Structure formats: C-alpha cells, structure tokens
Amino acid sequence: MSDQIKYVLSEDDIPRTWYNFAADLPFMAPMLSPVTGEPVGLDGLRLSMPDGLAEQELSTEPEFEIPETVRQLYRQWRPTPLFRARRLEQTLGTPARIYFKYEGTAPTGSFKPNTAIAQAYYNKLAGKRVLIAETGAGQWGSAIAFAAPLFGLSARVFMVRVSYEQKPYRRLLMETYGAECLPSPTTTTEAGRAALEERPDHPGSLAIAKAEALQVAYADPDYGYTRGSALNSICAHQTVIGQEAIAQMALAEDYPDIVIGCAGGGSNLAGLTFPFLREQLRGGKRVRTIAVEPTACPTLTRGRIAYDHSDSARMTSLVRMHTLGHKFVPPPVHAGGLRAHNIAPLVSRAVEDGMMEAVARPQVACFEAGVMFARTEGILPAPESTHAICVAVEEARRCAQDGESRAILFGLTGHGNFDLSAYEAYFAGRLPDDAVDDEALAFGFDSIPDLSAA
Ligand SMILES: *Cc1c(COP(=O)(O)O)cnc(C)c1O
C-alpha cells in the first residue's frame, strides 16, 4: 500500500494574522438590536463582548494581528498537520488526490481552541473572572474549560442534555480541567424552566443552552459570555486553518480543486475555505467549496435567509443568515456539533452569492465513510467530520468514474475518541436515519420574526 504523506510546517509558519472575509464582501446586512430593532453599533456590542472582539466583529479591515500571547499558546499544537490520504485513495481506486487538514491534534481534540484561546485572552483583558459557555457535543465546552485556566479564569458550561447523556466523557474532561458543567435545560434559569414547561423530557437544543448561558452571564459583570461559532470574529480566528493549508498544499506542490468542510455554526468551514476564496477573489485559481450539513439539521439546504436570533429566548441580536428558526429542535443526531438552527452570516453570504455550495447527508452514510477513513488512515474521525469525509469520498468516486484526477481537500475537524458510543450505535445498526419532518420545520419557521410588521 502507498503511504500516507504528512506535510509539516514549523512554528514560524503559524500565521501572524487572522483573515476577515467581511472585508472582501461589498455589503453585509447590519446586526439589529433585539430590543429596538435598530442596527447595533460598537457601543452596543461592547455591552455583550470585550472591546477587542467587538471591534473585530464590526471591522472591515482584511486582517487582525494575532496577539503574541495567543500565538505563543497556539505553539502547543499549531501548525496542525496536513495529510495526503494515499491509502484511502487506493482503497477507492480513484485518480483523485485526497488531502485532509487535521485539527484533532489540539489538546481537546478539535479546532475549537483556536478561538477559545483568543476569546479567553480578550475576556481577561476586559477584567472578566468567569467564562460562560453553552455546548452541544461538548467540544466548545471542552475548549473553554481548557482555555480559561490558561488565563487564570474559571468556566461554567451549559451542555445540551442529549449530548450530556450520550457523551459523559466530554463532561468529565471539562470537569477534569476544572470547569462546572450543567445539563440544559436546567431549572436554574428562566429560559431553562420555560423549555421544561413546554416539554418535561426536553432533549435540549443549542438555542436553549445559549439562552441559559446568556441569562446567567448578563446578570454579573464578572462573567464573560463566550461563543463557539458563527460570529465574524470567530470565523476570522479559525482562518489559521486555511492559511496553513495553503502553505502545506504548496509544500505538496499541489492546489485543491475542491475544498470541503462540515457545517454546524460554520466556523471550521469558514476557517478552512475563506483563505482559499480570498486567493480566488485576488485572481487565483477557482476552487469549488462545499458545505456539508446533516439532513437532520438542514440549515443551508432547507432553511430560509432571514433575520433571526441565535438563541431561543430572543436575547441575541437579529442577524441576517440562513435559519431554521430559533425554536427549531433537530432530532437527536450523533453529530451534536452540527445541530445549530442558524449559520455564520459570512458562510450564509458565501452560499447566497454562489461562492459556496451546500449539501446535506444522512448520518448513516457519514458514519460509513468515517469508518472507511478510520480503517485506511488510522484516525477515528469526530461524527461531525464524517460529513466532510462522506462528500470527499463521493467526489473521489466521481473522479474514478470520469477519469479526472482532481485534488480534494477536506477539513478533519477533530478526532472521535470521545464519540465511541455513536460508533457503537452505528455498528449495532441502531443509528436512526434522521431526515427532519415537515412539521418540525414548520414549527421552526414559525419562530422566525416578521420584521415587516415591526
Ligand atoms: C464544533 C464542531 C464542528 C462544527 O462547528 P462549526 O462551527 O460548524 O465549525 C465540527 N466538528 C467538530 C469536531 C466540532 O467540535
């Protein structure tokens, strides 16, 4: 069998800036205040986030300098490796060249510390003492639980109940780092109590957990609310992934024809693809970028483009993006990190403007591809990442059919070593194939605010 090939950069090659895709878009619809409906300016944003992050959020500068403290902390695992998956290629019998950028070498096993460390840094500068977060699969909670003590901060995490129960090891990891972890909906907040009243066995949702985290964080000036995905600033922080990948593809003396990422809130996808789109906008080679979401939470493929909140209690700003409605509750899928009803406005725009394609795949097909990947490349992928693998495999098979040798790059966002219960369910044939029903979609759409009436 041919060998896997690994492309490694040195610490000096860790990017010095984060790329802000918003700078390359002619116009972004403004965020609106949930209270007044008026555009939110810098002063408004500063009420809910540290200055450094608020400035990045509204900035149209193309680059933000990475603070030296943050860059030093990145050195623990960055630059992350990029591999050529030769054994997978051979198993597929494809002329395609398949590459993957592996973010699972981070301490918590995914790409999320790229922004968790940045957010902890800016919250520390702003004098916060406790970081508050919501988490789906537990990846974001783990990243915050890891990042907080690096800056002498503590952490409290609201974890979506279905994941809390399915993934006890993520909770234990957070507790090991010293964080406090609560299953949401809890009875400790108004938003949690409202959800439990609607449905006593509520599986929870990211939107509810977020509402709980916000209600707790806004009640105390010592608390800093942190966000796992979707914001412009977070998409920027994640561009260290794509910037490194461009340098590594150059080492491979190759350039991708297709770049694929899984889509939850959109941040890893943004981080991997936006630097390639920047090259394209500057006259570089055209790349097909593809967002892959679960059929159970089809935000980009079946959602509406509208102003909506990102939490169920309507405390967050109104943002124009693809949304299934802030009351949408997806069926419990194992890719807990892909259960968001909304997506980063920058990713939404890339899709709306035709710069990015979006597809949805059912979880059984994704696990099938994930197992094939583990058996050839030796890395157990996170359930979220299997969505990208699924479409990479499809594209590689297409190459085998039409005899074209295309270069395919996908984001392997994390390892699945804490997700073995999902693999167990897959092997036992107990994994439901999880298309969402029209009723659940209609319920979600009903919650999208009607701004024309305002
Ligand atoms: C959180 C997470 C995702 C999805 O988040 P995005 O914001 O859409 O990138 C994907 N994979 C893993 C391993 C995750 O932890």
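Keep in mind that what you see is a predicted model, and the values were worked out from it rather than measured.

S.K.: What am I meant to see in the nonpolar core here?
M.R.: Considering soluble globular proteins, one finds that nonpolar side chains tend to be buried as a cluster. Among the nonpolar cores identified, the biggest contains 80 residues, and Trp18, Phe21, Phe274, Val347 and Met356 are the most heavily contacted of them. Looking at this core, the element that brings in the most residues is helix α6 (residues 139-150), giving 7 residues. Taken domain by domain, the makeup of this core includes at least three residues from each of domain 1 (5-13 + 68-109 + 240-453) and domain 2 (52-66 + 112-232). By size, the runner-up hydrophobic cluster in this structure holds 27 residues, among which are Cys366, Ile379, Ile389 and Ile408.

S.K.: Which parts of the structure should I look at to understand the site of the ligand?
M.R.: If you check the shell around the ligand, you find 18 residues, and the closest are Lys112, Ser229, Gly264, Asn268 and Thr413. Between the ligand and Gly264, the relevant distance is 2.7 Å, taken from an oxygen atom to a main-chain nitrogen or oxygen of the residue. A distance of 2.8 Å is found between an oxygen atom of the ligand and a side-chain nitrogen or oxygen belonging to Ser267. When the free accessible area of the ligand is taken as 380 Å², the share hidden by the protein chains comes to 97%. Among the residues making up the shell around the ligand, the classes are represented as 5 nonpolar, 11 polar and 2 charged. Here the shell around the ligand spans two domains, and each of domain 1 (5-13 + 68-109 + 240-453) and domain 2 (52-66 + 112-232) adds at least three residues to it.

S.K.: Just checking my understanding: could you explain the environment of Met321 for this structure?
M.R.: Along the polypeptide, Met321 turns up in strand β13 (residues 319-323). In the structure, Met321 is positioned 27 residues away from Ser348 in sequence and 5.5 Å away in space, judged by C-alpha atoms. Apart from the residues within four sequence positions on either side, Met321 is in contact with Arg304, Ile305, Ala306, Asp308, His309, Asn342, Ile343, Pro345 and Ser348.

S.K.: What am I meant to see in the domain arrangement of the chain here?
M.R.: One frequently used descriptor of interface size is the decrease in accessible area upon assembly of the parts. When the domains of the chain are assigned, the result is domain 1 (5-13 + 68-109 + 240-453) and domain 2 (52-66 + 112-232). Contacts between domain 1 and domain 2 engage 44 residues on the former and 41 residues on the latter. Carbon and sulfur atoms supply 62% of the area that domain 1 and domain 2 bury against each other, a total of about 3,400 Å² over both sides. Contact with domain 2 buries surface across domain 1, with Thr108, Met315 and Phe418 losing the most and accounting together for 20% of the total. Remark: the boundary between domain 1 and domain 2 carries 1 salt bridge. Where Arg278 meets Glu63, a salt bridge forms, and the shortest distance between an N and an O atom there is 3.2 Å. Put simply, the parts of the chain that give the side of domain 1 that touches domain 2 at least two residues each are α3 (68-74), α12 (239-251), α13 (267-281) and α15 (345-352). If one sorts the elements of the side of domain 1 that touches domain 2 by residue count, α3 sits on top with 6 residues. Grouping the amino acids of the side of domain 1 that touches domain 2 by side-chain chemistry returns 18 nonpolar, 17 polar and 9 charged.

S.K.: I would appreciate a short explanation of the environment of Leu431 in the present structure.
M.R.: Examined against the element boundaries, Leu431 turns out to sit in the loop between α18 (420-427) and α19 (438-446). The exposure class assigned to Leu431 is buried, which follows from its relative accessible area of 8%. Distance in space between the C-alpha atoms of Leu431 and Val333 is 8.7 Å, their sequence separation being 98 residues. Every residue in contact with Leu431, bar those within four places of it in the chain, is listed here: His334, Gln363, Val364, Phe367, Ala422, Ala425 and Tyr426.

S.K.: Could you clarify how one ought to interpret the sheet that holds strand β10 (residues 258-262) in this entry?
M.R.: Whenever strands of a sheet pair, they do so through backbone hydrogen bonds, lying parallel or antiparallel. In space, the 7 strands of this open sheet follow the order β1-β4-β5-β15-β10-β11-β14, with mixed pairing throughout. Each edge of the sheet is formed by a strand with only one pairing partner; in this case those strands are β1 (5-7) and β14 (357-361). For this sheet the average axis-to-axis angle between neighbouring strands, irrespective of direction, equals 25°. Pairing between strand β4 (residues 82-84) and strand β5 (residues 97-102): 3 bridges, direction antiparallel. Among the inter-strand pairings, Leu82 is bridged to a residue of β5, identified as Lys101.

S.K.: Any chance you could explain the pairing of strand β11 (residues 288-294) here in plain terms?
M.R.: Every other side chain in a regular strand lies on the same face of the sheet, so the side chains alternate between the two faces. Burial analysis of β11 places 6 of its 7 residues in the buried class, which makes it a mostly covered element. Sheet topology note: the β10/β11 ladder contains 5 bridges and is parallel. Following the sheet pairing, Ile260 is matched in β11 by Ile290. Handedness of the crossover joining β10 and β11 through α13: right-handed. Relative to β14, β11 runs parallel, the two being bridged by 5 bridges. In the strand pairing of β14, Pro294 is matched with Arg361.

Rules and cut-offs
Residues numbered from 1 in each chain as written. Predicted model: local features only at pLDDT ≥ 70, side-chain atom pairs only at ≥ 80, totals over all residues. Heavy atoms only, no water. Core = buried A, V, L, I, M, F, W, Y, C linked by side-chain atoms within 4.5 Å. Buried < 20%, exposed > 50% of the residue type's maximum accessible area, 1.4 Å probe, protein only. Helix = DSSP H or I, 4+ residues; strand = E, 2+ residues; numbered from the N terminus. Domains from an automatic or database assignment. Near = heavy atom within 4 Å. Polar contact = N/O pair within 3.5 Å; in protein donor to acceptor, adjacent residues only side chain to side chain. Areas by Shrake-Rupley, 256 points an atom, 1.4 Å probe, with all protein chains shown as cover. Nonpolar A, V, L, I, M, F, W, Y, C, P; charged D, E, K, R; others polar. Contact = heavy atoms within 4.5 Å. Buried area = accessible area lost by both parts, 1.4 Å probe. Salt bridge = Lys/Arg side-chain N within 4 Å of Asp/Glu carboxyl O. Pairing = 2+ DSSP bridges. Axes fitted to C-alpha atoms, helices over the stretch in contact; angles between N-to-C directions. Right-handed = clockwise from strand over helix to strand, strands pointing away.

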